[in-house]
Amino acid sequence: MVLNIRQISKSYKTVRALQQVSFDVPENCVYGILGPNGSGKTTLLGILLDILKPDSGTFQWFGQGGNAEIRKKIGSLLETPNFYSYLSGAENLRITQSVSGRGRAKDIDDVLHTVGLHNRRWAPFKNYSLGMKQRLAIAAALLGNPKVLVLDEPTNGLDPAGIAEVRELIVQLYRRGHTIIMASHLLDEVEKVCTHVAILKNGQLLASGSTEEILSEEDIVELGAENITQLKELAAGLGGKMLENHHTNGLIHISFPKGKIRPEEINRYCFERGIILQHLALKRKKLETLFFELTGK
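The rules behind each value
- Numbering of residues begins from 1 in every chain and follows the order in which that chain's sequence is written.
- With the structure being a predicted model, the display of local features is reserved for residues of pLDDT at least 70 and the display and counting of side-chain atom pairs for 80 or more, all residues being used for whole-chain, interface and lining totals.
- Processing note: side-chain calculations cover all non-hydrogen atoms of the structure and skip hydrogens and water entirely.
- Each helix corresponds to a stretch of at least 4 residues labelled H or I by DSSP, and each strand to a stretch of at least 2 residues labelled E; elements are numbered beginning at the N terminus.
- Burial classes follow relative accessibility: with a 1.4 Å probe on protein chains only, a residue under 20% of its type's maximum area counts as buried, one over 50% as exposed, and anything between as partly exposed.
- Note on contacts: a residue pair is in contact if any heavy atoms of the two residues lie within 4.5 Å.
- Think of a polar contact as two N or O atoms within 3.5 Å of one another; within protein, one of them needs to be a possible hydrogen donor and the other a possible acceptor, and neighboring residues in sequence only count if both atoms come from side chains.
- Between any two strands, at least two bridges found by DSSP are needed for them to pair.
- As a rule, the C-alpha atoms of each element are fitted with a line to give its axis, helices using only the stretch in contact, and angles between N-to-C directions run from 0 to 180 degrees.

### Side note on the overall build of the protein
Looking only at helices and strands, one finds 11 helices and 13 strands in the protein. On the principal axes, the C-alpha backbone points of the protein span a range of 75 × 45 × 35 Å. Buried positions account for 49% of the 297 residues belonging to the protein. Of the contacts made within the protein by residues no fewer than 6 positions apart, 69% connect residues no fewer than 24 positions apart.

Here's what the structure looks like:
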């Protein structure tokens, strides 16, 4: 395992930011820490990077306690770095490298190639787009070729083009063998790029594991008919759980335990009771559905 977290708690006066949080991060994954604002995501990352001290609990990187050598294996982006607007991207990275002592001179060219900014390396930072600025921040985190990247809300404040750029970069880094731990409140972001997820609410861990495991517990059946009210009444007899907050475009959604219902059985059940289905789809449970169910959002 890259990271083991055991029973970490942290309070700020009367606010319990984290409450006995425990989970493991395997090697070469994109681990999303998901939760609404105020859920404890940034506090947890701050503890893992030795910026904050927990009130109780422990964590280990690579099976060891924190030390200077271990820290060199971890690149981080907790907030947008203080780059100088009048300097180029390469010059800003040179300053970052000088301050941090991470990597060699040639690493600057390497990380600029990695984040797709090498051809703009001498352009002033002030002329970069929002997506380019964030990619330069990730380049700074990559100096020294760390095995792990810790990113706090890496697409926060970006326009759609910038979000797409950073998402693609994260996927590329994962494919190159990096382990990425990223906090986000964006469901779509986590579902598109993460292989694993931990869901936090009010400092409590609600669920954790591989994205496939987290989403595989239930199937969602989507149904539509001319008389939606009659269909809803009839569907109550199928034995699933009606998702009251997920009626869209004249459709109803019912959740069933994974593999416990087949579309042909639903179609026959409705037909035999006088309902002709106009729409029937079996869908993988969305992270959005799970998140709303767990957090009550």
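### Regarding the side chain of Thr-179
Along the chain, Thr-179 turns up in strand S7 (residues 179–184). For Thr-179, the side chain forms a polar contact with the main-chain nitrogen of Asn-28, separated by 2.6 Å. Sequence-distant contacts of Thr-179, that is, excluding residues within four places in its chain, are made with Val-2, Val-25, Pro-26, Glu-27, Asn-28, Cys-29, Lys-147, Val-148 and Leu-149.

### Let's talk about the pairing of strand S1 (residues 3–12)
Judged from the five bridges that link them, S1 and strand S4 (residues 56–61) form a sheet pairing that is antiparallel. Bridge pairing links Arg-6 to Thr-58 in S4. The pairing of S1 with strand S2 (residues 15–25) spans seven bridges and is antiparallel. Counted as the bridge partner of Ser-11 is Arg-16 from S2. The hairpin turn running from S1 into S2, its antiparallel successor, is two residues long, and Lys-13 in that turn takes a positive phi close to 55°.

### Let's talk about the sheet that holds strand S9 (residues 204–210)
Ordered in space as S5-S6-S7-S3-S8-S9, the six strands form an open sheet in which the pairing is mixed. Whereas interior strands pair on both sides, the edge strands pair on one side only; in this sheet they are strand S5 (74–77) and S9. Averaged over all pairs of adjacent strands, the angle between their axes in this sheet comes to 10°, without regard to strand direction. Pairing of strand S8 (residues 196–201) with S9, which is carried by six bridges, proceeds in the antiparallel orientation. Within S9, the position partnered with Ile-199 by the bridge is Ala-207.

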